[in-house]
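In case you want the letters, here they are:
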Amino acid sequence: MSTPTQTETTPQSTFARLRDLWNDYLPYWFMAPMVAVMVMITFFPGAYDLYLSLVAEPTLDVFAADFVGLRNFETAFTRGGAIHSFIITITVVVSALLLETVLGFVLAALVAGVGSDRAKSFYRVLFIIPMAVAPVSLATIGRIMLNSEIGIIPYVINTGTPFAAPSFLSDVPLLTVILLDAWNWTPFMFIIFYAGLSSVPKTLIEASRVDGAPMWRRYVHVIIPYMKPVVFVATLIRLIDLFRTFGVVYGLTGGGPGTATQLVSINIYEQMFINNQITVAAAIAIVYLVLVVALCNVIIAKVGFEGVWD
Amino acid sequence: MTNSNRRTFLKATGVGLLGGLAGCTRGGDGSDGSGSDGSSDGSGGSDGGTSTAGSDGELAVPLSEYEDADIDWRQFEGSSINIGAVQHPWVSAIKPAVPVFEELTGIDVVWNVLPEQQFRTKRQTDVSTGAGQFDVFYMDQVVNQFREEGWIQPLDPFFDDDSLFDEDWYEPDDLFEASRWQAHGGGYSDTWTGMPITVEVQTQFYRKDLYEKHGLEVAETLEQFRQNAKTIHENESDVVGTVGRGDKGYGMNIYILNTFLRQNGAELWDSFPDDSGLDSDGVIDAAEWYVSLLQDYGPEGASTQTWSDVLSTMQEGRAGHIVSDANLFWPGLTGSDSSVADKVGIAKVPSPADGQFSPNAFNWQISTSKNAQNSEQAFLFMVWASSQPTNTWMHVEGDAAFSVRQSVWENDEFRSRVGENFAQVTLESLQEAAPDPFDRKYPEWGQRYSEELQRAIAGQKSAEEAMTQAASIAEDIYSN
């Protein structure tokens, strides 16, 4: 009689162990590729940015770097103009978001109320067009159309109204930036709100009509509450996107006059590619990242999805 | 039209509009030509590949022109060099002559031509990581930063090598003094940091017809210039007295202002790095003059005018004269793009009545990095490219007008091609030019200085407040 040797049992038991390992951790294996991708495209750049913000100057040999603590952060907030650019960014984000939400909803409600299907299709296409214009094109077109000497908009204001057109890019640059962004992105809100309005059950509206509720009451008490999730998701997406605004403002004003429209994104770009202050740019980027992520988390936690559907 | 036809038409129109608008984005990736030197007219060459000899086998310049030099042209036969360049008239002007270099030396030339901002990013990555991809690259206002970081290689050892350089043949003294000075880091370096390849100098462009109509004399002083602007501004409808760069950027408003502050007896960095000089009387006077000129007789929104706005306003005949600008504008103002091509005159920039004529100038140069694999081959290319035969051919046979060699500006064939007056004004301006000295932190404080000037032009603060603040910022940057 012979006892089973290890060499006879090992292949089978190894396979079984591997199978058990696979089955026991099945969800993790499915998640692994995504985690790997996330590490590569999100965590690694973030960690490298943090590293850059803490060193005197970037070097390929990361261990030979001269760490300077929070000095780059101090530079960013003293002579780097970080505070000013944060204020400008918040101003633009809040104003543009409000404007785009209100305008988008009003346009969606107007189009939804149009009787003819053909007219509805026409308006849908018409209102979506601005969204298809790329930021750099929009900035270039904007610069030409707003130019005080050769622009069509000042010409129309000067000849068609009793008012003198302001110099848009030098007298009211921040307002101009907000209005142009609203022109570009109101269609995004319009299309989402229009889809939301289309999904409101007709029975609800019929019922409120039978009850004698005027139009505004129907919107305030029936339609808008029903659309809360849509409004929340649309504004959250747009909010995050507004924090990333760069191309249209840089192309239009370059952040000026002076630093009147210097968003954080433009400030980071200038620190990086004009001033060659890579470490200061990294420090501003870190602070910005933390603030935006924190803000979005607070919004989601306070008025987030559960609250919307409650 | 039936319903279905209408629907099809509307859909097709919608798709067409969307497609058209999306198509507008092509080529608009930030290379808007707002180059810091103001010279990016976007005449880009191809973006890579090895250039070859012409199909007919004839070389643009005979090899005999170079064989007199006591230089061993063929010592690196069989190798190749990588050139990193911005889309710029120099690239398109020299490319047809590059087969001459390849035939002369046996060295292949590989071009990497990029829009200006993309090129700057790639160049910085190349040198700061030590990659050494480019053997030759375009160099501008960051020269002293690159030099102090040890990223570029001084050329003096190559000049001292008898097999690479022949002083008698090359004639370095033929290069404008301003060009040689800027190639030495604008006074911050004792060694050659690169070889100058193009130069532009500020001059004055004016509308001859309007001057004649209003009986104006071409301005020699700042006061006359302002008076001429006033006369045109007040007597012409749809024409502003003057137009000038008001936008920020170290190649924008301060590139112009620096001429006037020097003519006022001031200079950047009275005492480097303690006293920027930006709050001195000369600078404040110059800033006040420039700011009030643009505010009173310039277009609305002068603070956002870039070099291309200035050019197009003048081309469309909507300005009486340009405050001062680069000679590279000349082809644009007198070519087919200009509606006033035959009405534009050129003169030297005006200076204060008791001041000194001292126009600003800017040179692009080509340099080689410390990590370049083929620096000696690169140096041979620099010598060949900036030599008299190559330079003369580019300007006489080609359409270039930016030579760093005096002999080209004195060349009769060239002068008859570009016009006697243009050539003489530019030559005399270049001989007296005083380029900006770009210290190692110039890109940083220059940007802030230009922001302050832009604020003043926009009316957000006085010129004196702006310059005082600019001085404080510049000195603060060096105090840390």
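On a predicted model such as this, the values are computed, not experimentally measured, just so you know.

**Q** I tried to follow the overall build of chain A on my own but got confused; where do I start?
**A** When helices and strands are counted, chain A shows 15 helices and zero strands. Here chain A has a C-alpha radius of gyration of 27 Å; the compact-globule value for 310 residues is 19 Å, and the former is much larger. Overall, the C-alpha framework of chain A stretches about 110 × 60 × 35 Å when taken along its three principal axes. Across the 310 residues of chain A, 40% fall into the buried class. Sequence-distant contacts in chain A: of pairs separated by 6 or more residues, those separated by 24 or more amount to 65%. For chain A, the accessible area works out to roughly 17400 Å², and carbon and sulfur atoms hold 72% of it. Once the 16 positive and 19 negative side-chain charges of chain A are each reduced to a mean point, those two points are 13 Å apart.

**Q** Where do I start with the overall build of chain B in this structure?
**A** Broken down by element type, chain B carries 22 helices and eight strands. Looking at chain B as a whole, 60% of its 480 residues qualify as buried. In chain B, the share of contacts with a sequence separation of at least 24, taken over all contacts with a separation of at least 6, comes to 76%. Of the accessible surface of chain B, which amounts to about 18000 Å², a share of 42% is contributed by carbon and sulfur atoms.

**Q** What is the right way to read the packing of helix H2 (residues 26-54) of chain A against helix H14 (residues 278-303) of chain A from this model?
**A** In a packed pair of helices, the relevant descriptors are the angle between the two axes and the axis-to-axis distance. Residue and element names in this part refer to chain A. It is the contact of H2 with H14, at a shortest axis distance of 7 Å, that shows an interaxial angle of 125°. As the angle between them shows, H2 and H14 are arranged oblique. Crossing of H2 over H14 shows left-handed handedness. Seen from H2, the contacting residues are Gly46, Asp49, Leu50, Leu52 and Ser53; seen from H14, they are Ile278, Thr279, Ala282, Ala283, Ala285 and Ile286. Classifying every residue of the contact of H2 with H14 gives seven nonpolar, three polar and one charged.

**Q** Honestly, the environment of B:Glu149 in this entry has me stumped. Any pointers?
**A** By secondary structure assignment, the location of B:Glu149 is in the loop between helix H6 (143-148) and helix H7 (156-159). Once the C-alpha coordinates of B:Glu149 and B:Ser479 are considered, the two residues, 330 residues apart in sequence, prove to be 19 Å apart.

**Q** When you look at the pattern of salt bridges in this model, what are you seeing that I'm missing?
**A** All chains considered together, the criterion is met by 27 salt bridges over all chains. A:Glu206 is the salt-bridge partner of A:Arg209, the closest N and O atoms lying 3.6 Å from each other. Linking A:Arg209 with A:Glu206, this pair stays in helix H9 (residues 202-210), spanning three residues, or about one helical turn. The class of A:Arg209 is partly exposed, set by a relative accessible area of 45%. Salt-bridge contacts for B:Glu148 lead to B:Arg440; the nearest nitrogen and oxygen are separated by 3.3 Å. Of the two residues, B:Glu148 sits in helix H6 while B:Arg440 sits in the loop between helix H20 (420-432) and helix H21 (442-457), which places them 292 residues apart along the sequence.

**Q** Sorry, what's going on with the confidence of the model for chain A here?
**A** Atom-level detail of predicted coordinates should not be read off regions where pLDDT is low. When pLDDT is averaged across chain A, the result is 89; 94% of the residues are at 70 or more. Averaged pLDDT values for the elements of chain A fall to 58 in helix H15 (residues 305-309) of chain A and rise to 96 in helix H4 (residues 82-112) of chain A.

**Q** For this particular structure, what's the right way to read helix H14 (residues 307-315) of chain B?
**A** One turn of an α-helix holds 3.6 residues; hence residues three or four places apart share an orientation. Within H14(B), seven of the nine residues are buried, leaving the element largely enclosed by the surrounding structure. Elements in contact with the buried residues of H14(B): helix H6 (135-146) of chain A together with strand S4 (195-207), strand S5 (240-243), strand S6 (319-326) and helix H15 (330-334) of chain B. Just past H14(B), the residue B:Gly317 takes up positive phi, approximately 75°.

**Q** Help me understand the environment of A:Ile83, please; the structure alone is not making it clear to me.
**A** Mapping A:Ile83 onto the fold places it in helix H4. Using a relative accessible area of 48% as the deciding quantity, one classes A:Ile83 as partly exposed.

**Q** Teacher, can you tell me more about the nonpolar core here?
**A** Note that soluble globular proteins tend to have their nonpolar side chains buried in a common cluster. All names here are of chain B. Ranked by size, the top nonpolar core spans 141 residues in total, and within it Trp90, Trp111, Phe381 and Trp384 carry the most contacts. If you tally residues by element for this core, the top one is helix H13 (residues 281-297), at 10 residues. Once residues lying within four places of it in the same chain are set aside, the contact partners of Phe381 are Ile81, Ile83, Trp90, Phe101, Val109, Trp111 and Ile366.

**Q** Sorry if this is basic, but what is going on with the pairing of strand S8 (residues 361-367) of chain B here?
**A** Looking down a regular strand, the side chains alternate between one sheet face and the other. Residue and element names in this part refer to chain B. With respect to burial, S8 is a largely interior element, seven of its seven residues being buried. Side chains Ala361, Asn363, Gln365 and Ser367 project from S8 onto one buried face, and the interleaved Phe362, Trp364 and Ile366 project onto a second face that is buried too. In the sheet, strand S3 (residues 136-139) pairs with S8 via three bridges, with the strands oriented antiparallel. Residue pairing across strands places Met139 opposite Gln365, the latter belonging to S8. Where S4 meets S8, six bridges bridge the pair, whose relative direction is antiparallel. Across the sheet, residue Thr198 finds its bridge partner in S8, namely Trp364.

**Q** Whenever I open this one, the packing of aromatic side chains confuses me. Can you help?
**A** Counted according to the given criterion, the structure contains 60 aromatic pairs over all chains. Residues A:Tyr51 and A:Phe67 carry aromatic rings whose centres are separated by 5.9 Å and whose planes lie at 75° to one another, so their mutual orientation is edge-to-face. On the criterion of sequence distance, the pair formed by A:Tyr51 in helix H2 and A:Phe67 in the loop between H2 and helix H3 (71-78) is long-range, its members being 16 residues apart. Classification of A:Tyr51 as buried rests on a relative accessible area of 11%. Above the plane of the ring of B:Phe357 lies B:Lys348, whose end atom (NZ or CZ) is 5.3 Å from the centre.

**Q** I keep staring at the interface of chain B and chain A and nothing clicks. Help me out?
**A** Frequently, the measure chosen for interface size is the accessible area that the parts lose on association. Each partner contributes to the interface: chain B provides 42 residues, whereas chain A provides 35 residues. Taking both partners together, chain B and chain A bury about 3400 Å²; carbon and sulfur atoms supply 49% of that area. Put simply, chain B and chain A have three salt bridges between them. Among the ionic pairs, B:Lys248 bridges to A:Glu270, the shortest N-O distance being 3.4 Å. At the junction of chain B and chain A, the tally comes to 13 residue pairs in polar contact (both at pLDDT 80 or more). Contributing elements (two or more residues each) for the side of chain B that touches chain A: helix H1 (3-23), helix H5 (116-128), H21 and helix H22 (463-479) of chain B. Residues belonging to the side of chain B that touches chain A are distributed by class as follows: 12 nonpolar, 18 polar and 12 charged.

**Q** Please explain a negative patch on the surface as it appears in this structure.
**A** All names here are of chain B. Where like charges cluster on the molecular surface, the negative patch consists of Asp281, Asp285, Glu288, Glu464 and Glu465. If you list the elements that add at least two residues to the negative patch, you get H13 and H22. Per-element accounting of the negative patch gives the leading share, three residues, to H13. With respect to the secondary-structure elements, Glu464 resides in helix H22.

**Q** I would appreciate a short explanation of the side chain of B:Ser375 in the present structure.
**A** Residue and element names in this part refer to chain B. Topologically, Ser375 is positioned in helix H16 (residues 375-386). In this structure Ser375 comes out as buried when scored by relative accessible area, which is 9%. Dropping the residues within four chain positions of it, Ser375 is found in contact with Gln153, Phe158, Thr368 and Ser369.

**Q** What should I look at first to understand unusual backbone geometry in this one?
**A** Comment: phi is negative for the bulk of residues other than glycine, and the bulk of peptide bonds are trans. With an omega of 0°, the peptide bond between A:Gly256 and A:Pro257 qualifies as cis. Along the polypeptide, A:Pro257 turns up in the loop between helix H12 (247-253) and helix H13 (264-274). Geometrically, the link from B:Phe272 to B:Pro273 is a cis peptide bond, its omega value of 0° lying close to zero. Of note, B:Pro273 is situated in the loop between helix H12 (253-263) and H13. Despite not being glycine, B:Asp238 shows a phi value in the positive range, around 65°. Along the polypeptide, B:Asp238 turns up in the loop between helix H11 (222-235) and S5.

Basis of the calculations
- Residues numbered from 1 in each chain as written.
- Chains lettered and ligands numbered in written order.
- Predicted model: local features only at pLDDT ≥ 70, side-chain atom pairs only at ≥ 80, totals over all residues.
- Heavy atoms only, no water.
- Helix = DSSP H or I, 4+ residues; strand = E, 2+ residues; numbered from the N terminus.
- Rg over C-alpha atoms; globule rule 2.2 N^0.38 Å.
- Buried < 20%, exposed > 50% of the residue type's maximum accessible area, 1.4 Å probe, protein only.
- Contact = heavy atoms within 4.5 Å.
- Areas by Shrake-Rupley, 256 points an atom, 1.4 Å probe, with all protein chains shown as cover.
- Lys, Arg positive; Asp, Glu negative; His and termini not counted.
- Charge placed at Lys NZ, Arg CZ, Asp CG, Glu CD.
- Axes fitted to C-alpha atoms, helices over the stretch in contact; angles between N-to-C directions.
- Parallel < 35°, antiparallel > 145°, perpendicular 65-115°, else oblique.
- Left-handed = near helix turned anticlockwise from the far one by under 90°.
- Nonpolar A, V, L, I, M, F, W, Y, C, P; charged D, E, K, R; others polar.
- Salt bridge = Lys/Arg side-chain N within 4 Å of Asp/Glu carboxyl O.
- pLDDT = per-residue confidence, 0-100.
- Core = buried A, V, L, I, M, F, W, Y, C linked by side-chain atoms within 4.5 Å.
- Pairing = 2+ DSSP bridges.
- Phe/Tyr/Trp six-rings, centres within 6.5 Å; stacked < 30°, edge-to-face > 60°.
- Lys NZ or Arg CZ within 6 Å of the ring centre and 35° of its normal.
- Buried area = accessible area lost by both parts, 1.4 Å probe.
- Polar contact = N/O pair within 3.5 Å; in protein donor to acceptor, adjacent residues only side chain to side chain.
- Patch = residues over 30% accessible without salt bridge, like charges linked within 9 Å, V, L, I, M, F, W, Y side chains within 5 Å.

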